[in-house]
Amino acid sequence: MKYNFSRRSVLAGSGAALMTGLAGGRLFAAEPEKPAEIIVRAWGGEWVDALKRGVSDPFTAATGITVRHDLTEDNEIQPKVWAAVDQGRVPPIHINWDTTTNATKSALRGVTEDLSDLSNLAGVTDLAKPVGLEGYPIVNTYGYVYVLAYRPEAFPDGAPKSWKDLLDPRLKGRIALYNDGIGFHFPAQVAGGGSLEDIPANMQPAWDFIAKMKEQAPLLGEDPDFTTWFQNGEIDAACTISTNALAAKRNGIDLAWTVPEEGSKFDTDGLWIPKGLPENELYWAKQYINFAITKDAQQVWLDGLGLPGVVPGLTPPEGLAGDPSYPTTEEEFKHLIRVSAKVQVENESDWFAKFKEIMQG
């Protein structure tokens, strides 16, 4: 799922200096043959723009290897990668930029390479480590919040305090949600009168609240859609990753966002490599991820996305220090909903199907 910004360059200094950063402080004694390109699956819009500026372009400048971004949706690429690995074929991509939940499914299936030997893992925070998995079949690269983004002019009394405020009849047809409900299931559970402790055993309060939301005729889409809808004035509020609202705001739209009293979902994305690559291509794919978890790369990449990374000492993007969408302290995390990747892996497909059933009913 997921996203134009000119940022400080990480290309200051020589290519050799940057390769030292790629190697985690050393130059390689014997580098294997470089492929003409590596293919990184990515989300479109602001997401791929930020990745290109912060990671891909500097990587190409340092190595000479072209980075091609495959914008196939994460849920669409997954079965293609799985089939290739199962059949002993070379996978269609070198690196998957994926939600941690989706990536965990691939790790549990045994189709991911182990990344524990990446030298720059020595300098990352605990957020980089996938919970409940051995080693590093995935490297988490940042966290994000599914905020309630809104137009201040549509809420003259101030920021909406609750997700239930979206049931106001004047907002009918002016709300947006992800087309599978991701990010909305957990706050809906609370807004519907249920408990987070009942997830996943009893999600009926969530489905009841989502059924009420269905009567509001929400627009359903993916990340690029949210930015476009806000820019075109088609929606007044959305449950979306803060990056999408930030992109619209940076393009001149008056937008704000909040974490309502029920809380907002917090999650992570990461990078992983499918098994079956030629040895030299695996090597260079690993170096791409190794560079993506350096401070220089994360500062530019995540400035573009407005998200907190996994490297200590990053400077928050302008205006986001202390923002609820940019949690860095224990107190800030208390207001967010975090559900284990294991629970999400085991139930997410059913949750997505139930959401779609309600919305299409």
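Quantities reported herein were computed from a predicted structural model and do not represent experimental measurements.

Cut-offs and rules
- Residues numbered from 1 in each chain as written.
- Predicted model: local features only at pLDDT ≥ 70, side-chain atom pairs only at ≥ 80, totals over all residues.
- Heavy atoms only, no water.
- pLDDT = per-residue confidence, 0-100.
- Contact = heavy atoms within 4.5 Å.
- Salt bridge = Lys/Arg side-chain N within 4 Å of Asp/Glu carboxyl O.
- Buried < 20%, exposed > 50% of the residue type's maximum accessible area, 1.4 Å probe, protein only.
- Helix = DSSP H or I, 4+ residues; strand = E, 2+ residues; numbered from the N terminus.
- Pairing = 2+ DSSP bridges.

Just checking my understanding: could you explain the confidence of the model for the chain for this structure?
Reading fine detail from the predicted coordinates is not recommended where pLDDT is low. Scored by pLDDT, the chain has a mean of 91; 92% of the residues are at 70 or more. A low-confidence stretch, residues 1-17 (pLDDT under 50), is modelled with 63 contacts involving residues beyond four sequence positions or located in other chains. Below pLDDT 50 for its whole length, residues 23-28 participates in 16 contacts with residues either more than four positions away or in separate chains.

Would you mind showing me how to read the pattern of salt bridges here?
Once the charged atoms of two side chains with opposite charge are near each other, the side chains can pair. Per the stated rule, a full pass over the model turns up 12 salt bridges. In this structure, Asp 57 and Lys 52 form a salt bridge, with 3.1 Å as the shortest nitrogen-oxygen distance. Judged by relative accessible area, Asp 57 falls into the partly exposed class, the value being 33%. On the basis of relative accessibility, which here comes to 38%, the residue Lys 52 falls in the partly exposed class. Salt-bridge contacts for Arg 151 lead to Asp 236; the nearest nitrogen and oxygen are separated by 3.6 Å. Of the two residues, Arg 151 is situated in the loop between strand S4 (139-150) and strand S5 (175-178) and Asp 236 in the loop between helix H7 (223-231) and strand S7 (237-241); the sequence distance between them amounts to 85 residues. Note on Arg 151: relative accessible area 9%, which makes it buried.

Just checking my understanding: could you explain the pairing of strand S9 (residues 264-272) for this structure?
Working note: regular strand, side chains alternate between the two faces of the sheet. In terms of residue burial, S9 counts as a mostly covered element, since 9 of its 9 residues are buried. In S9, alternate side chains face the same way, and those of Ser 264, Phe 266, Thr 268, Gly 270 and Trp 272 on one face and Lys 265, Asp 267, Asp 269 and Leu 271 on the other are all buried. As defined by bridge partners, strand S3 (residues 95-99) adjoins S9 across 4 bridges and the pair is classed as antiparallel. Each bridged residue has a counterpart across the sheet, and for Asp 98 the counterpart in S9 is Gly 270. Sheet analysis places S4 next to S9, joined by 6 bridges and oriented antiparallel. For Tyr 144, the partnering residue across the bridge sits in S9 and is Asp 267. Sheet analysis places S9 next to strand S10 (residues 336-337), joined by 2 bridges and oriented parallel. Paired with Ser 264 across the bridge in S10 is Leu 336.

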